[in-house]
Every structure is written in structure tokens, then in C-alpha cells.
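# Structural overview
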Amino acid sequence: MAAALPLMAGQAQASDYVIDTKGQHAFIQFKISHLGYSYVLGEFKDFTGTFRYDEGQPEASSVKVEVDVDSLDSAHAERDKHIKSADFLDASEYPTASFVSTGFTSSGDGAGKLTGDLTLHGETQPITIDVDHIGGGEDPWGGYRQGFEGTTTLKLADYGIDTSKLGPAAATVDMYLVVEGIRQ
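Given the structure is predicted, the values throughout are model-derived calculations rather than measurements.

### Things to note about the pattern of salt bridges
Across all of its chains, the model carries 8 salt bridges by this definition. Between Glu 43 and Lys 45 there is a salt bridge; the shortest N-O distance is 3.8 Å. Residue Glu 43 is classed as partly exposed on the basis of its relative accessible area of 21%. Two residues, Asp 70 and Lys 84, come together in a salt bridge whose shortest N-O distance is 3.6 Å. One end of the pair, Asp 70, is in the loop between strand 5 (62–68) and strand 6 (72–73); the other, Lys 84, is in the loop between helix 2 (77–83) and strand 7 (96–108), with 14 residues separating them in the sequence. Each of Asp 20, Asp 139, Arg 145 and Glu 180 takes part in one network of salt bridges that share partners.

Set out below in C-alpha cells:
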């Protein structure tokens, strides 16, 4: 019984959070090469998600996010229309992208590697996101929040997205993620 107490205490500390997208405290941003000469920067404006986090047992953390692909915004309407077309993301055929975590390996000091399955363009592939814990604590409105940032690079061919017309520099996209969750 005494051996089980630390495990029970760790489970009691795990909390569920809803990602705060309404307060503009979460971002899914991307950077992709444009013909090898410059970059296109953008974001997905509409997404929802939840995560479970326990500072005492970060390896038990989990995340689930759904992204509205049609919410892509690169600050250029014609380019956005083309990226969302059947030539690339095909948002009308694949309106949602999703990520479901499968594990987390802590490297200490709030950092680690989050693994999971990303479904994009109708294809599901395992990815790893490098994660850093930004911080957590009480907010001014009586709630409790946790914040994280993460980075990963995706090979678009893994998701059946043909970027060959744009040259080899456009074969990958860098993702930058900021997530602030409100404890439920």
C-alpha cells in the first residue's frame, strides 16, 4: 500500500487543459521555402485541442489537436487559395488535420520529445515534436494555465503532397507551435 501512494499522488496531480485559442494564446505557424529564394510564413487560425499534463510525471502527458485546414493564412489571399487547392493541401477534400500524441520523453527542465500521429491530406504519419515548457501557474481570472512551445519539420511527400514544381527546397515545412491551456 505504501508503495502505491506515490503513484496515486502522481495521478492526482495530472490535470486536463483546453487549449486557449479564443484568447489568442495558441498558435500553429509554418515556414516553407519559396523556390529556394525566400520563405512563406503563415499560420492556421482555427484549431481546437486538449492536453493532459502532470509536472511530476511529464511522461504521462498527452495531447489531441484538430486543425481546420481551410483556416490557413499566409497574408496573401491568392497564394492561400492555391495552397488550399487540390495542387497542395486540398482543403475541400481533407478539411481537417489532426495530431494525437502517443508518448512523451522528458529530457529534464520541462523539455522533451512528444511523439504522435499527424493526419494531414488523408495520410497519417508518426512525428516527433521538440517541446519546451514555458511555464504554468494561476492567471488573473482565478484559473490555472500551462504553456508550451514546440517545433518539428514535416516532409510533405509523406502526406502525399507534391511540391516538385516548387523545387527541392519546398519538400519540407517547419512548424512552430505555441500552446497555452486552461485547466478544467
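### Let's talk about the nonpolar core
Judged by nonpolar contacts, the single largest core of 38 residues is most densely connected at Ile 28, Phe 44 and Leu 89. Setting aside residues no more than four positions away along its own chain, Ile 28 makes contact with Gly 42, Glu 43, Phe 44, Phe 47, Val 65, Val 67, Met 175, Tyr 176 and Leu 177.

### Some remarks on the packing of aromatic side chains
A full pass over the atoms with the stated rule returns 4 aromatic pairs. Ring centres of Tyr 17 and Phe 51 lie 4.9 Å apart, and the angle between their planes is 10 degrees; this geometry places the pair in the stacked category. Highlighted residues: Tyr 17 in strand 1 (residues 15–19) and Phe 51 in strand 4 (residues 47–53), separated in sequence by 34 residues. Seen in terms of ring centroids, Phe 30 and Phe 44 are 5.8 Å apart; in terms of plane orientation they differ by 50 degrees. Their pairing is tilted. Of this pair, Phe 30 sits in strand 2 (residues 27–34) while Phe 44 sits in strand 3 (residues 38–44), and the two are 14 residues apart along the sequence. Neither Phe 30 nor Phe 44 differs from the other in exposure class; each is buried. Cluster of aromatic residues (ring-pair linked, three or more members): Tyr 17, Phe 51, Tyr 53 and Phe 148. Positioned above the aromatic ring of Tyr 144 is the side chain of Arg 183, whose terminal nitrogen or guanidinium carbon lies 4.1 Å from the ring centre.

Cut-off values and rules
Residue numbers here run from 1 along each chain, matching the order of that chain's written sequence. In keeping with the model being predicted, local features are shown solely for residues with a pLDDT of at least 70 and side-chain atom pairs are shown and tallied solely at 80 or more, while totals for entire chains, interfaces and linings include all residues. Side-chain metrics rest on all non-hydrogen atoms present in the structure, leaving aside hydrogens and water. A carboxyl oxygen of Asp or Glu within 4 Å of a side-chain nitrogen of Lys or Arg is what we treat as a salt bridge. Using a 1.4 Å probe on the protein chains alone, a residue whose accessible area is under 20% of its type maximum counts as buried, one over 50% counts as exposed, and one in between counts as partly exposed. Secondary structure elements are defined from DSSP: runs of H or I of at least 4 residues count as helices, runs of E of at least 2 residues count as strands, and each element is numbered from the N terminus. Nonpolar cores were defined as sets of buried Ala, Val, Leu, Ile, Met, Phe, Trp, Tyr and Cys residues, with membership established by side-chain atoms within 4.5 Å. Contacts: residue pairs with any heavy atoms within 4.5 Å of one another. Only Phe, Tyr and Trp rings take part, Trp by its six-membered ring, and two of them pair if their centres are within 6.5 Å. Stacked means planes under 30 degrees apart, edge-to-face means over 60, and tilted covers everything else. Each ring is checked for a lysine NZ or an arginine CZ that lies within 6 Å of its centre and within 35 degrees of its normal; such an atom marks a charge sitting over the ring.

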